[in-house]
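Observations on chain architecture
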Amino acid sequence: MGILLFAPYLLEAQHSFGQQQDGNETFMEMPIERFIPYGNNTLNVHDIGIDTSRQILFFTDSDNRALVLYDLRNNITKSVEIGPYPYAVAVNSTTDKAYVMHACNCPAGLDVTVVDYSKGIESARVEDTVVGVSRYAAPIALNPNTGRVYVGSGSGSLTVIDGSNNNEIVGRIGKSINVQGIDVNPKTNEVYVIDNATTLYKIDGATNKVVGNVTIGLPPDEVNATGNILKAIAVNPDTNVVYVINQILYGSRSPNEGVSFSTGYLVAVNGTSNAIISPDITKSSLYLTINSNTNTIYVMSGGGIVEVDGLSNDVVLRGYVPNLEEYISHLVVDESTNKLYLQGQTGIFQVSDNDNKVNAPEFHNYFVMLVPALAITAAVILTRRHSNKGH
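First, a word on scope: everything that follows refers to the structure included in this document.

Rules and cut-offs
- Residues numbered from 1 in each chain as written.
- Predicted model: local features only at pLDDT ≥ 70, side-chain atom pairs only at ≥ 80, totals over all residues.
- Heavy atoms only, no water.
- Helix = DSSP H or I, 4+ residues; strand = E, 2+ residues; numbered from the N terminus.
- Buried < 20%, exposed > 50% of the residue type's maximum accessible area, 1.4 Å probe, protein only.
- Contact = heavy atoms within 4.5 Å.
- Phe/Tyr/Trp six-rings, centres within 6.5 Å; stacked < 30°, edge-to-face > 60°.
- Salt bridge = Lys/Arg side-chain N within 4 Å of Asp/Glu carboxyl O.
- Disulfide = S-S within 2.5 Å.
- Polar contact = N/O pair within 3.5 Å; in protein donor to acceptor, adjacent residues only side chain to side chain.
- Core = buried A, V, L, I, M, F, W, Y, C linked by side-chain atoms within 4.5 Å.

When its secondary structure is counted, the protein shows one helix and 33 strands. Within the span of the protein, comprising 391 residues, buried residues form 55% of the whole. Considering only contacts in the protein between residues 6 or more positions apart, those separated by 24 or more positions represent 50%.

This part takes up the packing of aromatic side chains. What the rule picks out here adds up to three aromatic pairs. Taking 4.8 Å as the distance between ring centres and 40° as the angle between the ring planes, the aromatic pair formed by Phe35 and Phe349 counts as tilted. With Phe35 in strand 5 (residues 34–37) and Phe349 in strand 33 (residues 347–352), this pair connects stretches of sequence that are 314 residues apart. Residue class for Phe35 comes out buried when judged on its relative accessible area of 13%. Look at Phe349 and you get buried, because its relative accessible area is 7%. Judged by centre distance (5.1 Å) and plane angle (55°), the rings of Tyr38 and Phe59 are tilted.

Across all of its chains, the model carries six salt bridges by this definition. Ionic pairing is found between Glu33 and Lys339, a salt bridge with its closest N-O pair at 3.1 Å. Remark: Lys339 occurs in strand 32 (residues 339–343) and Glu33 occurs in the loop between strand 4 (25–29) and strand 5; sequence separation between them is 306 residues. Given a relative accessible area of 23%, Lys339 falls into the partly exposed group. Glu81 serves as the salt-bridge partner of Arg65, at 3.7 Å between the closest nitrogen and oxygen.

Looking now at the state of the cysteines. Overall, the coordinates contain one disulfide when judged by the stated rule. Here Cys104 connects covalently by a disulfide to Cys106, the sulfurs 1.9 Å from one another. Residues Cys104 and Cys106 are joined through a disulfide that is left-handed, its torsion about the S-S bond being -50°. Judged by its relative accessible area of 16%, Cys104 falls in the buried class. Given a relative accessible area of 25%, Cys106 falls into the partly exposed group.

Here we come to unusual backbone geometry. For residues that are not glycine, phi is negative in most cases, and the peptide bond is trans in most cases. For Asn189, which is not glycine, the phi dihedral falls at a positive 55°. Considering the arrangement of structural elements, one finds Asn189 in the loop between strand 18 (179–185) and strand 19 (190–195). By relative accessible area, which is 17% here, Asn189 ends up buried. Residues other than glycine seldom take positive phi values, yet Asn323 does so here, at roughly 65°. Looking at where Asn323 falls in the secondary structure, it is placed in the loop between strand 30 (314–320) and strand 31 (330–334). Note on Asn323: relative accessible area 61%, which makes it exposed.

When you line up the elements, Asn270 lands in strand 24 (residues 260–270). C-alpha of Asn270 to C-alpha of Val235: the two residues are 35 residues apart in sequence and 9.9 Å apart in space. Aside from chain neighbours lying at most four places away, what touches Asn270 is Asn240, Ala275 and Ile277. A distance of 3.1 Å separates the side chain of Asn270 from the backbone nitrogen of Ser273, its partner in a polar contact.

With that out of the way, let us pick up the nonpolar core. Among the nonpolar cores identified, the biggest contains 18 residues, and Met30, Ile305, Leu340, Leu342 and Val351 are the most heavily contacted of them. Counting only elements with at least two residues in this core, the list comes to strand 28 (296–301), strand 31, strand 32 and strand 33. In this structure, Met30 is in contact with Ile305, Glu307, Leu317, Gly319, Tyr320, Val321, Pro322, Leu340, Val351, Ser352 and Asp353, ignoring residues within four places of it in sequence.

Before going further, it helps to spend a moment on the side chain of Ser329. Structurally, Ser329 is set in the loop between strand 30 and strand 31. By relative accessible area, which is 16% here, Ser329 ends up buried. Within the structure, the side chain of Ser329 is placed 3.0 Å from the side chain of Gln343, a separation counted as a polar contact. In contact with Ser329, not counting residues within four places along its chain, are Tyr287 and Gln343.

What follows is the structure, given as structure tokens:
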């Protein structure tokens, strides 16, 4: 595929109007600093990743069967065709390789595609295809120190690929685990997995054995909830604290009782002892990321971004992003610049909490109503789109 010049929208930071505080929490405006559009023919972007050393963003473009690499320094992009329905991506900045799993009920749905960008994004190319990895593969994560790649599956297993040894499949772990999310602590060589239920598993990366687990139930105050499901996970490698989004379900207990509603809580777990540190740090959506350099956890909540201090596990900032009228489905942080990249419906939004502290009184009112509406609209659109494709 050819090299394209992108014209991202660089937005001027707005003037500071002061900041609003409530106890230890600060409310502030986080203006959009840059907008990176996907392109006219891209409507289905499922995941984003980042190489902080090379300053490259990655996103999976299902419409064009491609992994897209975007050079943040030079504002150029390369689209690498990799096959049908690219879904999730994991980036190894040590080896300059990206691993992409495909989500479809087709032969490619069993494979992981390896893209090499070691010679720059202009020369990025498909290096290998690992076949027969897993059916109904979902999340993917890797350990940059060992080169091992972990691919989850809704059919009940975790597949291990040795990226440092010809991308061979070297293990399948937990045949009864329906993997919902994966993250790796490269310093301890431990893999943390959540199932599509209530269990967090710890796996020894050296032996591929499950060495611990903890059940995460309902927070104490959720007396009216009908259940919970663990939906997202991230680990801080410096503190070995694992953060999980615990989705709480309300309403119907069966399909015949009407519509179910849900919310989420950020949960902190001690990765060494498997003890729950805090079951309800803050309410959140299903997306989180960690800056281990600053020990800060970022979650989407109520249409804004909530920052949590990893030392105290207290909320220290609630950020409001003005003029953001799109549903955000993922976010990543550049640990070297502390900039956040939010995956929207038409492009990626760059924001940060650096010197943008301003008063945002409408945060709790406007966006709490806006984002659920956008989420419902996006779900309807995507459902219709996929039903029209017939897969």
